[in-house]
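A closer look at the structure
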Amino acid sequence: MEVHDSMKLHVTSEKFILEPNSDRDKPLLVIDRVTRDIFLQANKGQIPASAITKTAYGIVGIIKLIAGSYLVVITERQIVGSVLGHNIWKVTKTEVLPYPRTLNHLTEKQININKSYLNLLDIMLKTESFYYSTTFDLTHTQQRLQNTSPDFQTLNLFERADQRFVWNSHVLLELTQQPELASYCLPLILGFISITSCFVNGHSVDYTIVSRRCIYRAGTRFNMRGVDIQGQVANFVETEQIVQYNGNVCSFVQTRGSIPLFWSQKADLKRLPRPIVIDSNHQPAFEKHFDLQVFTYGRQIIVNLINQHGAEQPLERKLAEICAASKNSNVRYEAFDFHKECSKMRYDRLSILMGRLEQDRRNFGYFLKTNGQEVKKTQTGVFRTNCMDCLDRTNVVQSLLAREVLQEQFRVLAILNAEQKVHEQESFENMFRNVWADNADAISKEYAGTGALKTDFTRTGKRTVFGALNDGVNSAIRYVRNNFQDGSRQDAIDLFLGNYIVEEGEGLTSQSPMESTRDWKYYAVPVIFVVAFSMFVINILLPDEHVTEQLLYVMFWGVASGLSMASILMFGTAFVDQPQLAESKFKTE
């Protein structure tokens, strides 16, 4: 069942009324702002003349905050392209509409808390990369869709969706509980989609990348690491590369995800906090994770790109140890010290890793369905790639694997002959590189707050000085966001996904997490540092006829600056923007 592509939203003092544009004879969706009832109603002149009317392209969902419920709708969208004849859209603007007409029923404190929750919702809704289709299931790979039953094909889009990738499943709950409202239940994915029509060796090809971020253990860089006891890992992303040519469809799937151990790396004002491997039994969670992966994707090759020395070494050793102890014969471990092997911009040495993975890549294969709807090939396993963040190094390696598969697919489809290479097709190669770099940037912004690092290699095929400088700028921005903004971003994710449910009476009959206050050190010590450092600079720059006295002042304020800065670094976690809502939900230690 399709979801309505566009609607007229009529807002009255008592109701929200949604009228499908596609068929005026279809019933209206009515949401009572007073009773909160949701029901269908015959479209027979039921819309008051006083209603304010606007266009809505879909319902994101309904979320309950302190003031009451809020309806979230899509008001602007952008076409990305089409896959197998189905339009794919990117959400570019949403609107949040309150059920209550006033806030007179709230205290001043509750109004402020409610405003904080609305700010968190706004942070989430302004995330750039929400995508949807009203006619096509974006949550499943081509191979999974092929392996479904006829009954599955009759299900509505939300029911059939892979719930791992439906980001608005919590806020759609009130609608999905009523089967008759299925045509209003629009599943959204978060990640990246690119659809490009291009020419390869004179042949017209549609090239698509779909990256789907998982809602389980979702969060921001330093707030969400490793695995939980259910086997779900942070920053898990399924990336599917789709090629359409003359009715033939090829698909190749890769995954990325945080190192499947219990570990943490809490922001503490240092540029890179030291990762800590939790003293726990990692094996059960590791096994659960890969049982799920093998069941879903087939055989697994863990491509671990972290450093095998320094701060990252304990993680690499523990993962190698846990892999060796695993009884799952469908999992193999392949470690590659990316930074050591590719030091001094020697990214050509990635060919060493590609050589090690070549036989597995051939064995795994890819999905191929001919224009006669016959399945000629299936993919029997995936490369599960990770680095520390599963962003920068990971994306470089995934793009190389994707190109190797393309080379084989283009030959099978007779787009290229045996002597021709993908990278020799200049216009396609340029597009391919930029699409994978854009994919890296999108996933990185959602997890780390900035575009990815090392994308100069992905875009140009070589590491450059300019690229290294750009990485330095992005690293500095990441530092600021990871330390001073990611607590709020984590709270926004937890609120939207339902990891934290706003309680009725917060701020009145019970304390709200948003009321938490900082320790006095958070305010006092930075003020002391700013004053002391300012006086230190002033005493250096302004000459004094009494040199000895000036030297004493410089020494005093210098010591005061040093001690206050040392205190800030010593109690670094007290000055970091910490999540307030659901951080305890994911603790495994």
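See the structure printed just above.
Below: a short report on this structure. (Residues numbered from 1 in each chain as written. Predicted model: local features only at pLDDT ≥ 70, side-chain atom pairs only at ≥ 80, totals over all residues. Heavy atoms only, no water.)

**Thoughts on the sheet that holds strand E1 (residues 7-11)**
Here is the rule: Strands pair, by our definition, only if DSSP identifies at least two bridges between them. Runs of H or I in DSSP of at least four residues are treated as helices and runs of E of at least two as strands, each being numbered from the N terminus. Interaxial angle, 0 to 180 degrees, is taken between N-to-C directions of lines fitted to C-alpha atoms, where a helix line uses only the stretch in contact.
On the basis of which strands lie adjacent, the open sheet formed by five strands has the order E4-E3-E2-E1-E5 and antiparallel pairing. The open sheet has two edge strands, strand E4 (38-41) and strand E5 (52-56), and neither has a second partner. With strand direction ignored, the average angle separating the axes of adjacent strands in the sheet is 25°. Here strand E2 (residues 15-20) runs beside strand E3 (residues 28-32); their pairing, made up of four bridges, is antiparallel. Residue pairing for E3: Phe-16 is matched across the bridge by Ile-31.

**A closer look at the nonpolar core**
In a soluble, globular protein the nonpolar side chains are often hidden away together inside. Convention followed: Among buried residues, the Ala, Val, Leu, Ile, Met, Phe, Trp, Tyr and Cys ones that are joined through side-chain atoms within 4.5 Å form a nonpolar core. For every residue, the accessible area obtained with a 1.4 Å probe (protein chains only) is divided by the maximum for its type, and the residue is called buried under 20%, exposed over 50%, and partly exposed between those limits.
One finds Tyr-207, Phe-338, Leu-350, Phe-410 and Phe-428 to be the most contacted residues of the largest nonpolar core, which totals 56 residues. Among the elements of the structure, strand E10 (189-200), strand E11 (203-213), strand E12 (237-245), strand E13 (248-256), strand E16 (299-304), helix H9 (350-364), helix H10 (392-412) and helix H11 (426-447) are those that each provide at least two residues to this core. Per-element tally for this core: the top contributor is H10, with eight residues. Formed by 37 residues, the second largest nonpolar core is a distinct cluster that contains Met-124, Val-171, Ala-218 and Leu-581.

**Things to note about the packing of aromatic side chains**
This is how the line gets drawn: Pairing of aromatic rings covers Phe, Tyr and Trp, the last through its six-membered ring, and needs centres within 6.5 Å; plane angles under 30 degrees mean stacked, over 60 mean edge-to-face, and all others mean tilted. Distance and angle both matter: a charge sits over a ring if NZ of Lys or CZ of Arg is within 6 Å of the ring centre and within 35 degrees of the ring normal.
One pass over the structure, following the stated rule, counts 14 aromatic pairs. On the numbers, 4.8 Å between centres and 50° between planes, the contact of Phe-286 with Phe-290 is tilted. With Phe-286 and Phe-290 both in helix H6 (residues 283-297), this residue pair falls four residues apart, about one helical turn. When sorted by exposure, Phe-286 lands in the same class as Phe-290, which is buried. Summarising the aromatic geometry, the rings of Tyr-347 and Phe-457 are spaced 4.8 Å apart at their centres and angled 55° between planes, so their arrangement reads as tilted. Of the two residues, Tyr-347 sits in the loop between helix H8 (338-341) and H9 while Phe-457 sits in helix H12 (residues 455-460), which places them 110 residues apart along the sequence. The same class applies to Tyr-347 and to Phe-457, which are both buried. Following the ring pairs from residue to residue traces out a cluster consisting of Tyr-207, Phe-410, Phe-428, Phe-432 and Trp-436. Stacked on the ring of Trp-89, the Lys or Arg Arg-77 has its end atom at 3.6 Å from the ring centre.

**Topic: the state of the cysteines**
Joining two cysteines, a disulfide is a covalent bond between their sulfur atoms. Our working definition: Cysteine sulfur atoms are paired as a disulfide whenever they come within 2.5 Å of each other.
Scanning the model with the defined rule gives zero disulfides in all. Looking at the unpaired Cys-214, the closest cysteine sulfur is the one in Cys-390, lying at 13 Å. No disulfide involves Cys-390; its nearest neighbouring cysteine sulfur is the one of Cys-387, lying 5.5 Å away.

**Let's talk about unusual backbone geometry**
For Asn-246, which is not glycine, the phi torsion reads 50° and is therefore positive. The phi dihedral of Lys-454 is positive, around 65°, even though this residue is not glycine. Structurally, Lys-454 can be placed in the loop between H11 and H12. With a relative accessible area of 10%, Lys-454 lands in the buried category.

**Concerning helix H13 (residues 465-484)**
Our working definition: For a helix, the expected span equals 1.5 Å multiplied by the residue count minus one. In this context, the arc is that of the directions from the helix axis out to the C-beta atoms. Contact definition: two residues touch when any of their heavy atoms are within 4.5 Å.
With 20 residues, H13 should cover 28 Å at 1.5 Å per step; its first-to-last C-alpha distance of 29 Å lies within 8% of that length. Along H13, the positions that sit buried rather than exposed are Gly-467, Asp-471, Asn-474, Arg-478, Asn-482 and Asn-483. When H13 is viewed along its axis, its buried side chains cluster within an angular range of 145° and face the same direction. In H13, those exposed residues whose orientation departs by more than 90 degrees from the buried face are Val-465, Phe-466 and Leu-469. Of the surrounding elements, those touching the buried residues of H13 are H10, H11, H12 and helix H14 (486-497).

**Concerning the side chain of His-289**
Tracing the chain through its elements places His-289 in helix H6. Classification of His-289 as buried rests on a relative accessible area of 2%. Once you skip the residues sitting within four places of it in the chain, His-289 turns out to touch Gly-231, Val-233, Pro-260 and Arg-384.

**Points about the pairing of strand E7 (residues 68-83)**
Pairing analysis gives seven bridges linking strand E6 (residues 58-65) to E7, with the strands arranged antiparallel. The residue of E7 that forms the bridge with Ile-62 is Leu-71. The hairpin turn running from E6 into E7, its antiparallel successor, is two residues long. One ladder, built from twelve bridges, connects E7 with strand E8 (residues 86-98); its direction is antiparallel. When the bridges of E8 are listed, Gln-78 appears paired with Lys-90. Linkage of E7 to E8, two consecutive antiparallel strands, is achieved through a turn of two residues, within which Leu-84 is found at a positive phi near 55°.

**Considerations on the pattern of salt bridges**
Heads up, the condition is: Between Lys or Arg on one side and Asp or Glu on the other, a salt bridge is scored when a side-chain nitrogen of the former is within 4 Å of a carboxyl oxygen of the latter.
Within the structure shown, the criterion is met by 36 salt bridges. With a shortest N-O distance of 2.8 Å, Glu-238 and Arg-144 are connected by a salt bridge. Residue Glu-238 is located in strand E12, and its partner Arg-144 is located in helix H2 (residues 142-146); the two are separated by 94 residues in the primary sequence. There is no split in this pair, since Glu-238 and Arg-144 are both buried. Residue Asp-360 pairs with Arg-332 through a salt bridge whose shortest N-O separation is 2.4 Å. Residue Asp-360 is located in helix H9, and its partner Arg-332 is located in strand E17 (residues 331-335); the two are separated by 28 residues in the primary sequence. Take Arg-332: its relative accessible area is 28%, and that puts it in the partly exposed class. Here the salt bridges share partners, and the residues they tie into one network are Arg-144, Asp-162, Arg-164, Arg-212, Glu-238 and Glu-240.

**What to know about the environment of Met-388**
Position of Met-388 among the secondary structure elements: in the loop between strand E20 (381-386) and H10. Its relative accessible area of 6% is what places Met-388 among the buried residues. Put simply, Met-388 and Leu-305 are 83 residues apart on the chain and 8.0 Å apart in space, counted from C-alpha to C-alpha.

**As for the side chain of Ser-194**
With respect to the secondary-structure elements, Ser-194 resides in strand E10. For Ser-194, a relative accessible area of 12% gives the class buried. Those residues in contact with Ser-194, other than ones at most four positions away along the chain, are Val-80, Tyr-207, Thr-208, Ile-209 and Val-435.

Coordinates in, geometry out; function isn't part of it.
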